[in-house]
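One-letter residues, chain by chain:
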Amino acid sequence: MTYFQIKKHIKEALLPVCGEYASYEAEKIVCHIFGLDKRTLTLISHEEAPDKTEETENTVARRKNGEPLAYILGNTDFFSLNFLVSPACLTPRADTEVIVERALEFLGEKRANVLDICTGSGCIALAIAANSHAKVRALDISEEALDIAKKNAVRLSLSDKVTLEYCDALSEDFAKECEKYDLIVSNPPYIPTKDIAALSEEVRREPFGALDGGEDGLVFYKRFIEVLPAKLNTDGIIIFEIGYDQEEAIRALCENAGLYCEIFRDYGGNVRGALIKIDQNEYK
Ligand code: GLN
């Protein structure tokens, strides 16, 4: 079969699970199996491909079974950078890019000190470091996720700008740290425990610990809103990714703590982030 025919075969097999993304995913899978980049695949698409039927069928079966494409490929793109991913960390989502955009807008040319909590694959921390003059300290409670994040830092040549450390951000030890930051960013687990079972097969393949935000989904925000303001430099800000239905809850938490909060949406039009400040001044 030619590469073109193989791609078409995969696309047809994936249509029921991937819908409008079937063609995009089929192309990614062909490139992965045959070790080609997209451009080369286009150039040789009508040539006869070596026989990799078994690998192709296995891959299609895994994807049809609900395994996320990023886990099958072992990597995914986020903010125009390529990240290694594994079932130890949440797959970087396009929806999260708006968090990085807000962070970069705030940072501008500043040589800022940034903290990223619950870094997972490191996608937010590394995308910020790659596009600013900031130094970023990134934390996670999962050693396995930190391993992936460290590999990503090396692959992206960002190890000198980003430090990756084990830390339980809900602990007293973290609360007691005195270091201060200009920007604190986090995409913590925020799905209420009881809702996780109802998520798609694909999302349920991701680590429970990266999704589970406790009974009300707000465990991390409640603690962070208590602990983080003391870690901000003057004019510093906090940016959280939040769930589409958490606007009211986050506003209430900020109001009770006397913090100013702006909610913003992603490009799909869904509520996606909260920008939190101690007072309402514009960035300086
Ligand atoms: N946005 C993720 C989802 O769609 C959840 C991410 C998180 O809990 N931080 O499931």
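See above for the structure.
These figures come from a predicted structure and were not determined experimentally.

Caption draft 1: Broad picture of the site of the ligand. Every residue lining the ligand is accounted for by Leu90, Arg93, Asn187, Pro188, Pro189, Tyr190, Ile191, Val203, Ala210, Leu211, Glu241 and Arg272. Within the side chain of Arg93, an N or O atom sits 3.4 Å from an oxygen atom of the ligand. A distance of 2.8 Å separates a nitrogen atom of the ligand from a polar atom in the side chain of Asn187. Here the ligand, which alone exposes 300 Å², has 87% of that area covered by the protein. Residue composition of the shell around the ligand, grouped by class: 8 nonpolar, 1 polar and 3 charged.

Caption draft 2: Up close: the nonpolar core. With 35 residues, the main nonpolar core has Val100, Leu107, Val114, Ile128, Val162, Leu183 and Ile239 as its most contacted residues. Ile191, Leu228, Ile242 and Cys254 belong to the second-largest nonpolar core, a separate cluster that totals 34 residues.

Caption draft 3: Focus on the pattern of salt bridges. Taken as a whole, this structure holds 20 salt bridges when the rule is applied. As a salt-bridge pair, Asp77 and Lys28 come within 3.8 Å of each other at their nearest N and O atoms. One end of the pair, Asp77, is in strand 1 (residues 75-78); the other, Lys28, is in helix 2 (residues 22-34), with 49 residues separating them in the sequence. Assessed through its relative accessible area of 44%, Asp77 is described here as partly exposed. On the accessibility criterion, Lys28 (26% relative accessible area) is partly exposed. A salt bridge links Glu262 to Arg102; the nearest nitrogen and oxygen atoms lie 3.0 Å apart. Note that Glu262 is positioned in strand 8 (residues 260-265) and Arg102 in helix 6 (residues 97-107), a separation of 160 residues in sequence. In this structure Glu262 comes out as partly exposed when scored by relative accessible area, which is 27%. What emerges from the salt-bridge pattern is a single network uniting Asp95, Glu241, Asp266 and Arg272.

Caption draft 4: Focus on the environment of Asn256. Summarising the element assignment, Asn256 is placed in helix 13 (residues 247-256). The class for Asn256 is exposed, based on a relative accessible area of 71%. Remark: the alpha-carbon pair of Asn256 and Ile225, spanning 31 residues in sequence, is separated by 9.8 Å.

Caption draft 5: Structural context of the environment of Leu158. Its location among the elements puts Leu158 in the loop between helix 8 (143-155) and strand 5 (162-166). Residues contacting Leu158, with those up to four places away along its chain left out, are Leu126, Ala129, Ala130 and Ala153.

Caption draft 6: The arrangement of the packing of helix 12 (residues 219-227) against helix 13 in detail. Two elements in contact, helix 12 and helix 13, have axes separated by 10 Å at closest approach and are oriented at 25°. Judged by the angle between their axes, helix 12 and helix 13 are roughly parallel. For the pair helix 12 and helix 13, the crossing hand works out as right-handed. Here Tyr221, Lys222 and Ile225 of helix 12 come into contact with helix 13, specifically with Ile250, Leu253 and Cys254. Of the residues belonging to the contact of helix 12 with helix 13, the class tally is 5 nonpolar, no polar and 1 charged.

Rules and cut-offs
- Residues numbered from 1 in each chain as written.
- Predicted model: local features only at pLDDT ≥ 70, side-chain atom pairs only at ≥ 80, totals over all residues.
- Heavy atoms only, no water.
- Near = heavy atom within 4 Å.
- Polar contact = N/O pair within 3.5 Å; in protein donor to acceptor, adjacent residues only side chain to side chain.
- Areas by Shrake-Rupley, 256 points an atom, 1.4 Å probe, with all protein chains shown as cover.
- Nonpolar A, V, L, I, M, F, W, Y, C, P; charged D, E, K, R; others polar.
- Core = buried A, V, L, I, M, F, W, Y, C linked by side-chain atoms within 4.5 Å.
- Buried < 20%, exposed > 50% of the residue type's maximum accessible area, 1.4 Å probe, protein only.
- Salt bridge = Lys/Arg side-chain N within 4 Å of Asp/Glu carboxyl O.
- Helix = DSSP H or I, 4+ residues; strand = E, 2+ residues; numbered from the N terminus.
- Contact = heavy atoms within 4.5 Å.
- Axes fitted to C-alpha atoms, helices over the stretch in contact; angles between N-to-C directions.
- Parallel < 35°, antiparallel > 145°, perpendicular 65-115°, else oblique.
- Left-handed = near helix turned anticlockwise from the far one by under 90°.

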